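One letter stands for each residue in the lines below.
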Amino acid sequence: MTKNLYPVPQAVKDRALISNEDYLAMYQESVANPDSFWAEHGKRLDWIKPFTQVKNTCFEPNKVSIKWFEDGLLNASYNCIDRHLKDNANKTALIFEGDSPEVSYSVTYQQVHDNVAKIANGLKKLGVEKGDRVAVYMPMTLDAIYAMQACARIGAVHSVIFGGFSPNAIADRIVDSQAKVIITADEARRGGRTVPLKANVDEALARKDVTSITHCLVFKNTQADVDFDPAIDVWAHELTADLPAVCEPEAMNAEDPLFILYTSGSTGKPKGVMHTTGGYLTYASMTQEFIFDIHPDDIYWCAADVGWITGHSYIVYGPMANGCTQVIFEGVPTYPSSSRIGDVVDKHQVTVLYTAPTAIRALMAKGDEPYATNKRDTLRVMGSVGEPINPEAWNWYYENIGNSQCPIVDTWWQTETGGIMITPLPGATDLKPGSATRPFFGVQPALADADGNLLEGAIDGNLVILDSWPGQARTIYGDHERFEQTYFSTYANRYFTGDGARRDEDGYFWITGRVDDVLNVSGHRLGTAEIESALVAHESIAEAAVVGYPHDIKGQGIYVYVTPVEGIEADEELTKAVRNWVRKELSPIATPDLIHWTTGLPKTRSGKIMRRILRKIAANEHQALGDTSTLADPSVVDDLIENRLNR
Ligand code: WT7
């Protein structure tokens, strides 16, 4: 049975960095005096030229501008590597755990330094300069981390593209960012299979509108044979063989871009969320330390992929800025068996584990036995991220992985927030399963109704943030207007998250999920518009509408309504073809779970598709459709209900 309150265990409290009294006092200070609070915490980084200004931010309509520490100079890679060399050169930085459990090895901070410096020099040799964009399409190997750090070292802006994305998605991202170089590997390994990364890049680069790339830097990973075009392709091991293992870090302004990361919105193509250097790194490192209660001897493991923001902030930047020892995992939780997470914890004596509800639910579905074969008694703190964690999964995680000893920090945040925003602190916060609890320092969440009124007390509403924090995204690359439009126009002078939430009587926040047309499938963010545009690009499809529906493992599944073009008879073969088409056009993550062929979609008289109705039918809630009187042809609805797929 899930209890509803889990007080901080005494053992955790005893060694925690932040107590509840600390939390309350520091939180109060952080919102009352943000300038002095962040001036103090900005000092956790090493600055080439210290900042004298702290917060300079404006959320006003048409004037949105976000700057932190704007006159300071620093280098992110220096902060993540070099500054640890004086005392901790031989401390283990990264413990690589391969897709195969037989492969693992460690590297020290000194070795990370040398590898990063060589690649940084290699990028320079390829003509990459400060401010240039570099696309990174890599497996979850140490080379991916070196590549990102190498970009940061020379002031190049990395744009990591998740290794599960298809050639088309790669091409879109290259075109938007006008990347000069793309870094990839022969193949990736995942769950005993391989992914043809280099071949996917080749296909992306063949698209006519992809004209910005001058070189493709290729790492060997599986040693597979790949096509190699000497006019553009460069082997990383050849390029770096004779280059020095020293590379002076570039002095960057705090507001110089560090990276672009594409994410899905409710409309249009994915947007390039842009993060800058000083505020982002301050926030990533401070949140990582306090939220996971990091001590120098911790073995930290964030089981995310560097292709997502979690991998950026809580693998590549936060933990490394803090000089942590961390596990880098190439594989998946269910390979070679579903005991893998526990096995890796025991093998490397992991003390802090950060993973996602979808992984937990997948393990939960396999029963408790796999976790009887490992001990996990080194674990102290566990984290959850990516989507709301249902109390059943929370409880299973708490008991079966954490041996009922480890606080779970349910961390709510977004690609755009740069770091964790609402979360428990292990030594400070009494837990309620399913609640992300309270705001981190400097974060002012509030709930608003549809008219923009802020709501008081225990209530449901749309989650907004009242003022800026250092890790906040600064813009959408190349489209500041879209940035303002997306995040600052729904509610004037506030950042709108796109999420709904409830605040309870104790002031705890419970995130209820997206309130816009964004899906969360296994913790991956997908725009319904994106999937729809891939669908209608298929020759047999006239019209498409995509909605989410509750899915036991994935959180949300993808339910697709499609109308065939005239004269086309939809059959099983076409359904299969459409499924493959979406995989190929976008990504396997976007593969429709259910494809519902129909002759018509419910539309208003002005032609707008009524998604509310489609969502209800997909969720099997057609008994409560609400008002359908504004439909142009109400009979369409009966037909859809009759043929619904999710019974
Ligand atoms: C969306 C952001 C943040 C890194 C991974 C996802 C959902 C994220 C939680 C949580 C409830 C969560 C929200 C948010 N989300 N964490 N702990 N509880 N919902 O980043 O791809 O930018 O997606 O993920 O809906 O808006 P992202």
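As annotated in an unreviewed UniProt entry, the protein chain carries the name Acetyl-coenzyme A synthetase and comes from Saccharobesus litoralis. Here the protein chain is described in UniProt, under the heading Sequence similarities (unreviewed entry), as follows: "Belongs to the ATP-dependent AMP-binding enzyme family." The record held by UniProt for the protein chain lists under Cofactor (unreviewed entry) the comment "Mg(2+)".

The next thing to look at is the overall build of the protein chain. Scanning the protein chain from N- to C-terminus turns up 19 helices and 31 strands. In terms of overall size, the protein chain behaves like a compact globule, its C-alpha atoms giving a radius of gyration of 24 Å where 647 residues would be expected to give roughly 26 Å. Summarising its shape, the C-alpha atoms of the protein chain cover approximately 75 × 60 × 55 Å along the three principal directions. The 647 residues of the protein chain split such that 53% are buried. Considering only contacts in the protein chain between residues 6 or more positions apart, those separated by 24 or more positions represent 70%.

What surrounds the ligand is a group of 23 residues, the closest being Trp-412, Gln-414, Thr-415, Ile-511 and Arg-525. Going through the elements one at a time, helix H11 (309-321), strand E20 (408-411), strand E25 (495-503) and strand E26 (509-514) are the ones with two or more residues in the shell around the ligand. Taken together, the residues of the shell around the ligand break down into eight nonpolar, ten polar and five charged.

Turning our eyes to something else, we now look at the packing of helix H4 (residues 76-88) against H11. Between H4 and H11, whose axes approach to 8 Å, the crossing angle comes to 60°. Classified by the angle their axes make, H4 and H11 are oblique. For the pair H4 and H11, the crossing hand works out as left-handed. Contacts between H4 and H11 involve Ala-76, Asn-79, Cys-80 and Ile-81 on the former and, on the latter, Tyr-317, Met-320 and Ala-321. In terms of residue class, the contact of H4 with H11 is made up of six nonpolar, one polar and no charged.

The next subject is the sheet that holds strand E21 (residues 445-448). Here we have five strands laid out as an open sheet, ordered E22-E21-E23-E25-E26, and antiparallel in their pairing. The open sheet terminates on both sides in strands that have one partner only, identified here as strand E22 (454-455) and E26. When E21 meets E22, the two strands line up antiparallel, connected through two bridges. Residue pairing across strands places Ala-448 opposite Leu-454, the latter belonging to E22.

A few words now on the domain arrangement of the protein chain. Interfaces are frequently sized by the accessible area removed from exposure as the parts join. As assigned here, the protein chain comprises domain 1 (11-440 + 460-502) and domain 2 (522-643). Computed over C-alpha atoms, the centres of domain 1 and domain 2 are 33 Å apart. Across the boundary between the two partners, domain 1 contributes 21 residues, which contact 17 residues of domain 2. Within the residue set of the side of domain 1 that touches domain 2, elements represented by two or more residues are helix H7 (167-177) and helix H13 (357-364). Broken down by element, the residue count for the side of domain 1 that touches domain 2 peaks at four residues, all from H13.

This part is about the packing of H13 against helix H14 (residues 391-401). At their nearest, the axes of H13 and H14 sit 9 Å apart, and the two run at 75° to each other. Accordingly, the angle class assigned to the pair H13 and H14 is roughly perpendicular. Taken together, the residues of H14 that come into contact with H13 (itself represented by Pro-357, Ile-360, Arg-361 and Met-364) are Ala-393, Trp-396 and Tyr-397.

Here the focus is helix H18 (residues 611-618). Those residues of H18 that fall on the buried side of the exposure criterion are Ile-613, Leu-614, Lys-616, Ile-617 and Ala-618. In this structure, the buried side of H18 is in contact with strand E29 (541-551), strand E30 (555-564) and helix H19 (635-642).

Okay, the sheet that holds strand E15 (residues 271-276) next. One open sheet accounts for eight strands, arranged E12-E11-E8-E6-E7-E14-E15-E24; its pairing is mixed. One side of each edge strand has no neighbouring strand; the edge strands of this open sheet are strand E12 (233-235) and strand E24 (475-476). Two strands pair when backbone bridges link them, and strand E7 (residues 157-160) and strand E14 (residues 257-263) are joined in this way by two bridges, in the parallel orientation. When the bridges of E14 are listed, His-158 appears paired with Phe-259.

Thresholds, definitions, all that
Numbering of residues starts from 1 in each chain and follows the order in which that chain's sequence is written. Residue-level local features of this predicted model are given only where pLDDT is at least 70; pairs of side-chain atoms are given and counted only at 80 or more, and the full residue set underlies all totals for whole chains, interfaces and linings. UniProt positions are given in the numbering used here, feature names are shortened, and annotations may be inferred rather than shown by experiment. Helix and strand assignments come from DSSP, with helices taken as H or I runs of at least 4 residues and strands as E runs of at least 2, each series counted from the N terminus. The quantity called the radius of gyration is restricted to C-alpha atoms. Its globule counterpart is 2.2 Å times the number of residues to the power 0.38. Here a residue counts as buried when 20 or more other C-beta atoms fall within 10 Å of its C-beta, as exposed when 12 or fewer do, and as partly exposed in between; the C-beta atoms come from the backbone. The contact criterion used here is simple: two residues whose C-beta atoms, placed from the backbone, lie within 7 Å are in contact. Defining nearness, a residue is near a molecule or strand when the C-beta atom obtained from its backbone falls within 6 Å of it. Classification used: nonpolar for Ala, Val, Leu, Ile, Met, Phe, Trp, Tyr, Cys and Pro, charged for Asp, Glu, Lys and Arg, polar for all others including Gly. For helices, the axis comes from a line fit to the C-alpha atoms of the stretch in contact; other axes are also lines fit to C-alpha atoms, and the angle between any two N-to-C directions lies between 0 and 180 degrees. What sets the label is the angle itself: under 35 degrees gives roughly parallel, over 145 gives roughly antiparallel, 65 to 115 gives roughly perpendicular, and the rest give oblique. We call a crossing left-handed when the near helix sits turned anticlockwise from the far one by less than a right angle, and right-handed when that turn is clockwise. Any two strands with at least two DSSP-identified bridges between them are counted as paired. What marks off one domain from the next here is an automatic or database domain assignment.

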